[in-house]
Amino acid sequence: MTGVLSSGLKSRSIVLLLALVVILFLLDLGLGSVRIPVWDTINVLLGKEIENPAWQAIILKIRLPRSITAVLVGAALSVGGLQMQTLFRNPLAGPSVLGITAGASLGVAAVMLAAGSVTTAFSIRQLDIGGSWLIIIASTVGAAVVLLMILAISFKIKDNVVMLIVGIMVANITIAIVSIWQYFSDPEQIQEYVLWTFGSLGGVTNDQLGVLSLIVLAGLFMTFLLSKTLNVLLLGENYAQSMGLNIRRSRILIIAVTSILAGAITGFCGPIGFVGIAVPHLTRSFLNTSDHRVLIPSCVLVGAMLMLFCDIISQVPGSTTVLPVNAITAMIGSPIVIWIIVKRRNLKSSF
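Residues numbered from 1 in each chain as written. Predicted model: local features only at pLDDT ≥ 70, side-chain atom pairs only at ≥ 80, totals over all residues. Heavy atoms only, no water.

Asker: Just give me the short version of the overall build of the protein, but keep the residues and values in it.
Answerer: Secondary structure summary: the protein contains 15 helices and zero strands in total. A fraction of 77% describes how many contacts in the protein between residues 6 or more apart in sequence connect residues 24 or more apart. Here the protein has roughly 16400 Å² of accessible surface; of this, 68% comes from carbon and sulfur atoms. (Helix = DSSP H or I, 4+ residues; strand = E, 2+ residues; numbered from the N terminus. Contact = heavy atoms within 4.5 Å. Areas by Shrake-Rupley, 256 points an atom, 1.4 Å probe, with all protein chains shown as cover.)

Asker: Just give me the short version of helix H3 (residues 53–88), but keep the residues and values in it.
Answerer: In this model, H3 (36 residues) spans 52 Å end to end at C-alpha, consistent with the 52 Å of a helix rising 1.5 Å per residue. Its maximal kink placed at Arg63, H3 deviates by approximately 45°, while the proline Pro65 follows within four residues. In terms of residue burial, H3 counts as a mostly covered element, since 27 of its 36 residues are buried. Phi turns positive, to about 50°, at Arg89, one or two residues after H3. (Expected span 1.5 Å × (residues − 1). Bend = angle between axes of the 7 residues up to and from the residue. Buried < 20%, exposed > 50% of the residue type's maximum accessible area, 1.4 Å probe, protein only.)

Asker: Residues and numbers for the layout of surface pockets, please.
Answerer: As a volume, the largest pocket reaches approximately 650 Å³. Looking at the largest pocket, it is lined by 34 residues, and the ones nearest its centre are Ser96, Thr101, Ala102, Pro271 and Gly273. Among the elements that take part in the lining of the largest pocket, helix H7 (residues 160–184) stands out by supplying nine residues, more than any other. Considered class by class, the residues forming the lining of the largest pocket number 20 nonpolar, 14 polar and no charged. (1 Å grid on protein atoms, 1.4 Å probe; cavity = no way out; pocket = protein on both sides within 12 Å on 5 of 7 lines; lining within 4 Å. Points joined across faces, edges and corners; volume = space filled by probe spheres on them. Nonpolar A, V, L, I, M, F, W, Y, C, P; charged D, E, K, R; others polar.)

Asker: Could you give me a rundown of the packing of helix H13 (residues 275–287) against helix H14 (residues 292–315), with the residues and numbers involved?
Answerer: Between H13 and H14, the shortest axis-to-axis distance is 9 Å and the interhelical angle comes to 120°. As judged from the angle between their axes, H13 and H14 are oblique. Handedness of the crossing formed by H13 with H14: right-handed. On H14, the residues touching Val275, Val279, Pro280, Leu282, Thr283, Arg284 and Leu287 of H13 are Val294, Leu295, Ser298, Cys299, Val302, Gly303, Leu306 and Met307. (Axes fitted to C-alpha atoms, helices over the stretch in contact; angles between N-to-C directions. Parallel < 35°, antiparallel > 145°, perpendicular 65-115°, else oblique. Left-handed = near helix turned anticlockwise from the far one by under 90°.)

Asker: Explain the side chain of Arg66 residue by residue, including any values.
Answerer: Relative to the elements of secondary structure, Arg66 occurs in helix H3. There is a polar contact of 3.5 Å between the side chain of Arg66 and the side chain of Gln315. Excluding anything up to four places from it in sequence, Arg66 contacts Asp28, Leu31, Leu201, Gly202, Asp311 and Gln315. (Polar contact = N/O pair within 3.5 Å; in protein donor to acceptor, adjacent residues only side chain to side chain.)

Asker: Please give an account of helix H9 (residues 206–225) that cites residues and values.
Answerer: Between its first and last C-alpha, H9 extends 29 Å over 20 residues, near the 28 Å set by a 1.5 Å rise per residue. Of the positions making up H9, those classed as buried are Gln208, Leu209, Leu212, Ser213, Val216, Gly219, Leu220 and Thr223. The arc that holds the buried residues of H9, viewed along the axis, is 140°, so those residues lie on one side. Within H9, the exposed residues directed more than 90 degrees away from the buried face are Asp207, Leu214, Leu217, Phe221 and Leu225. Summarising the contacts, the buried residues of H9 are in contact with H3, helix H6 (133–154), helix H10 (227–233), helix H12 (247–269) and H14. (Arc of directions from axis to C-beta.)

Asker: Break down the confidence of the model for the protein for me, citing the residues and quoting the values.
Answerer: The predicted model of the protein has a mean per-residue pLDDT of 82, with 89% of residues at 70 or higher. Per-element confidence in the protein is highest for H14, whose mean pLDDT is 93, and lowest for helix H5 (residues 117–126), whose mean pLDDT is 47. Here residues 1–5 is modelled with pLDDT under 50, and outside its nearest four sequence neighbours on either side it reaches zero contacts, counting other chains as well. Confidence over residues 117–131 falls short of pLDDT 50; this stretch has 27 contacts with residues more than four positions distant or in other chains. (pLDDT = per-residue confidence, 0-100.)

Asker: Got a sec to walk through the nonpolar core? Specific residues and values, please.
Answerer: Core analysis: the largest hydrophobic core is formed by 83 residues, its most contacted members being Phe88 and Ile272. Leave out the neighbours within four places in its chain, and Phe88 touches Ala93, Val97, Leu98, Asn160, Met163 and Leu164. Ranked by size, the runner-up nonpolar core spans eleven residues in total, among them Val108, Leu113, Ala138 and Trp196. (Core = buried A, V, L, I, M, F, W, Y, C linked by side-chain atoms within 4.5 Å.)

Next up, the structure:
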């Protein structure tokens, strides 16, 4: 009877989270430098005509792609962080822990800092820094190189803690290389690269949004398929092996899926931090469960909520100012983690 009540409570919680996502999505579409009433926003989404055609253009061409991107970013990074925390049984693990995000940044630096001012000027002025396919391809290649390196190392290392340390060291190496490039680069190039590191939800075009959606949805689907594996890993590697789980294959699959999610988001939107670490803890605290069949869809919704809220804040409603979304996620994500640590006191009990 208790299990049925608990299952019903979790179902209602997910429905509540879904409703909050819808509300924040509508607010994100309506708020900004130009305030658009909620009913007009809904009518535009339903394909109905409204009195002010300019509002319709603002919603469909500018705000809707950005809001959808926020949902995808929040879902992908949150699920990636959940997988890394479960795999390494470490509350501080996140989607960037294996150096995938740093690898993506290295690829972008190779174009913007090392390739020279001609390539940099072309990619930024002609292709647009926020939505440049050149930047996206460079980021993807950088993330893929680091992923292949990590996967090669994973074949020789069985200890997940050692893998975590190796991932951090790989990230430090890539960050060091980027720092050296910045030291020898022109101030204009450094400024352009720094602007990219701020992260952006508004630079993804409609064509690129379709590609990003397919990648993220595929990654989320693969994560759902790994939910039972993630639950077994919580019991410890020895017990998991006794149940017939192939630890090495499972680890490679989890690393690959997380890398796809984190690499895609970094490539299209730039590095966005704290979401992958904060959301899994917030979701566990809210639902009081470690069952990944519940945590995965919940993390998708909570991550989408957090990114939509951060996007609303970054737009500074009523102003033409747009703040870096990476700074907003840090300002909001860090207090969330601190609050959960103070409330739960022992985060290790969830792993």
